[in-house]
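Each chain is listed here by its residues.
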Amino acid sequence: MVFVSETYHRDLNVKVICKYCQEDPPNLVENFSDGDLVCGTCGLVMPGGPIVDTRSEWRTFANDEGGDDPSRVGAASNDLLPGNQLDTIISSRDGSTGRARELARAQGKSTSARNERQLVEAHKIIQQFCDAINLPKQITDVVKHLYNRVQDAKTLKGKTQDSIIASCIVIATRQSDVPRTFKEICALTRVEKRDLGRVFKVVEKVLQEQAQAGETEAIANPHMDSSRTAYTATQATDAADLMSRFCSALDLPVYVQTAATELAKKDAAKTKLAGRAPTTIASAEIYFMSHLFGMGRSAADISKIAGVSDSTIRNAYKLLWAVKDQFMDERWIADKSTQPVSSLFGDISATDSSSNSADESTPYVPEEDDIFPAQQFFASAMKAGVLKNVDIESIYDILRQARAASLTAQPRLDMQRSAADPSTLSILGKILLRAKSAVDTPEAALERKKLGYFLLRSANTPEATIFISRSILRSPTATKEETEEAIATLSKLAQQNHPDAAVILGGVLQSHGDLTKASALYKIGAEAGNAEGYLGLGRIQRTNGNHHDALSSFKKAADMNHPYGHFMLAISDPDAPESMTHLEAAATKGIPEAAHNLGERHRLQGNKALAQEWYEVAARAGFQISMVNLAMMLKDNGEGKKASVWLEAAKRGGGQVAEDAQRYLEKWKTEVEEKKGMCVVM
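Throughout what follows, the structure given in this document is the object of discussion. (Residues numbered from 1 in each chain as written. Predicted model: local features only at pLDDT ≥ 70, side-chain atom pairs only at ≥ 80, totals over all residues. Heavy atoms only, no water.)

1. Considerations on helix α19 (residues 422-434)
Next up, step 1: Between the first and last C-alpha of α19 there are 19 Å, a value that for 13 residues agrees with the 18 Å anticipated at 1.5 Å per step.
Next up, step 2: Taken residue by residue, α19 has Thr 424, Leu 425, Ser 426, Ile 427, Leu 428, Gly 429, Ile 431 and Leu 432 as its buried positions.
Next up, step 3: Among the structural elements, α17 (375-383), α18 (392-407), α20 (442-459) and α21 (462-474) are those in contact with the buried residues of α19. (Helix = DSSP H or I, 4+ residues; strand = E, 2+ residues; numbered from the N terminus. Expected span 1.5 Å × (residues − 1). Buried < 20%, exposed > 50% of the residue type's maximum accessible area, 1.4 Å probe, protein only. Contact = heavy atoms within 4.5 Å.)

2. Concerning the pattern of salt bridges
If charged atoms from side chains of opposite charge come close, those side chains can pair.
Next up, step 1: Counted under the stated rule, the structure contains 13 salt bridges.
Next up, step 2: The partner of Glu 639 in a salt bridge is Lys 642, and the shortest N-O contact between them spans 3.4 Å. (Salt bridge = Lys/Arg side-chain N within 4 Å of Asp/Glu carboxyl O.)

3. A word on the nonpolar core
Next up, step 1: Residues Ile 286, Phe 288, Met 289 and Trp 332 are the most contacted members of the largest nonpolar core, which totals 37 residues.
Next up, step 2: Sorting the residues of this core by element identifies α8 (239-249), α9 (254-264), α11 (278-292), α12 (299-306) and α13 (310-322) as the ones contributing at least two each.
Next up, step 3: Among the elements that line this core, the one with the most residues is α11, at 8 residues. (Core = buried A, V, L, I, M, F, W, Y, C linked by side-chain atoms within 4.5 Å.)

4. Quick notes on the packing of aromatic side chains
Next up, step 1: One pass over the full model with this rule turns up 5 aromatic pairs.
Next up, step 2: Ring centres 5.1 Å apart and planes at 90° place the aromatic pair Tyr 287 and Tyr 317 in the edge-to-face group. Taken together, the residues Tyr 287 in helix α11 and Tyr 317 in helix α13 connect sequence positions 30 residues apart. An identical accessibility class is assigned to Tyr 287 and Tyr 317; each is buried. (Phe/Tyr/Trp six-rings, centres within 6.5 Å; stacked < 30°, edge-to-face > 60°.)

5. Things to note about the side chain of Ser 572
Next up, step 1: Structurally, the position occupied by Ser 572 is in helix α27 (residues 563-572).
Next up, step 2: Reaching out from Ser 572, the side chain makes a polar contact with the backbone oxygen of Met 568 at a distance of 2.6 Å.
Next up, step 3: When sequence neighbours within four positions are dropped, the list of residues in contact with Ser 572 reads Arg 542, His 547, Leu 551 and Phe 554. (Polar contact = N/O pair within 3.5 Å; in protein donor to acceptor, adjacent residues only side chain to side chain.)

And the structure:
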């Protein structure tokens, strides 16, 4: 017979047993009224201190109405939410009397409760977005904290919640050294890149102002904690910041990632790929390094990770290959020193899964995230005959040369090394200042603007100089020194009877009240056939009460097909038979005031359909009064939702019109609530 011994296990069951009755299982009763545990057989009070009553503190009828029995415990406190978070929540179960709903509605009108509820909802959205891109809890909390600070500032009224959240995610990831590109955040939040760029700039400004205010208060009060308002301005994402994430996704070892990061920081690579998006630069450098270390990844594979087209990656790689001798490090090829550098890559096109690799004759096409405008802008100028004796490939070569020269702080592009003539440089500079790239982030817009001015300075022609001066005078951020320099430059050209310079300088003098000198300068432009000269001259004549001469000047500007010439002629003589024709000409050429006036005239004539159409044209062009008028007409037609949308748009414009729009919105909201109340009573 074989005896099998049982394995010893420690008995971890702890039982409270009455020492007199010794009953197992024990007959114990919880006396919640006294907080005691009592033996049900002999009445002995068991030692161990008072017990905690876990039952609800009020009478409930959960068994009658269904649902969980409410208890006195709630969610854990959240440091990212304001207040003590001990607010009372009114239950919706009241025996079907309807009073709980009325009480809940009254409580919902509380401003503090509504604000906190909105903040909780925003935090839920932030959590969803951060979880979708696998951000850790620490970064998610930073995003929530930044959002709270921005909301407390109350300076982003009119901005969408998603765009504010997207901006906070960009800032938090940059501060935590795990940056995400604008393209990734836009795909995540479905916010347009243009809107994200605008809101991001405002959010950073708000956070910087809060940080400065916190530092000032900390100096006055040393015991105050200023850490919650501290903020360090973020830097634009560069290729080196993306290497870790991209290489990990491509399953490349650490030494390949390190070498690719080193390459991204080398001046030769930066100069050759200047003007390209960080994602493109990182992709090309990973493509280069993966093949150098014998772990080649195809352009198609990298394209899926980085979101850049494979043809763009190969084009950028070819630029790197051309200057490889300038940045190649011996440490990268130490174990392959017996082979020439070219043999380390083998036939990359053969290993690449894409068969349509670009050859040397393929013109450069900017990728989606490039700061350069897309090629259709230049193609349109070439088709119109503005750009001559140049092709698309040459244009992007000129832009890359200019970008590289601007990074080295050169005042102008070396004309001997560049194949461009001054006229081409001037036109390219204007296109860069007016056009937009595929993604209009603040960084890309600023770089494109600087490059545009650099090209105009390199052209060094009177037209380019006038364009720069006019842009400075129109810029709200121009310094006093820049403005004075622009005026001095225009004065020199005006003394040489240059019509465009004279007209612009006349506008400056007119804004300062010097109508006599402004009129003389406008005459120089008008005599040279400048429509702006006739227009400015007519406005001064109209101000001085010379109605007949003003109409004559406006007519000459209109004959030159100047849109404001048509508009001024129409409003100066509204009873003329051709007044409506001039208004339509101005409106179709993009003058919102003309479209608004057409809407007013059609409304007074009783033609509501045409009035609504012209109001909408002006409203879509950003004319506030037309937005309100259009909303009124839509409301009368029973389209309340569309009307509210236009009033919200008018609110974002500010001023008296925005106050009127807010008043109408509140009035309509009150009317809707009153109708709902009447329905409930019935």
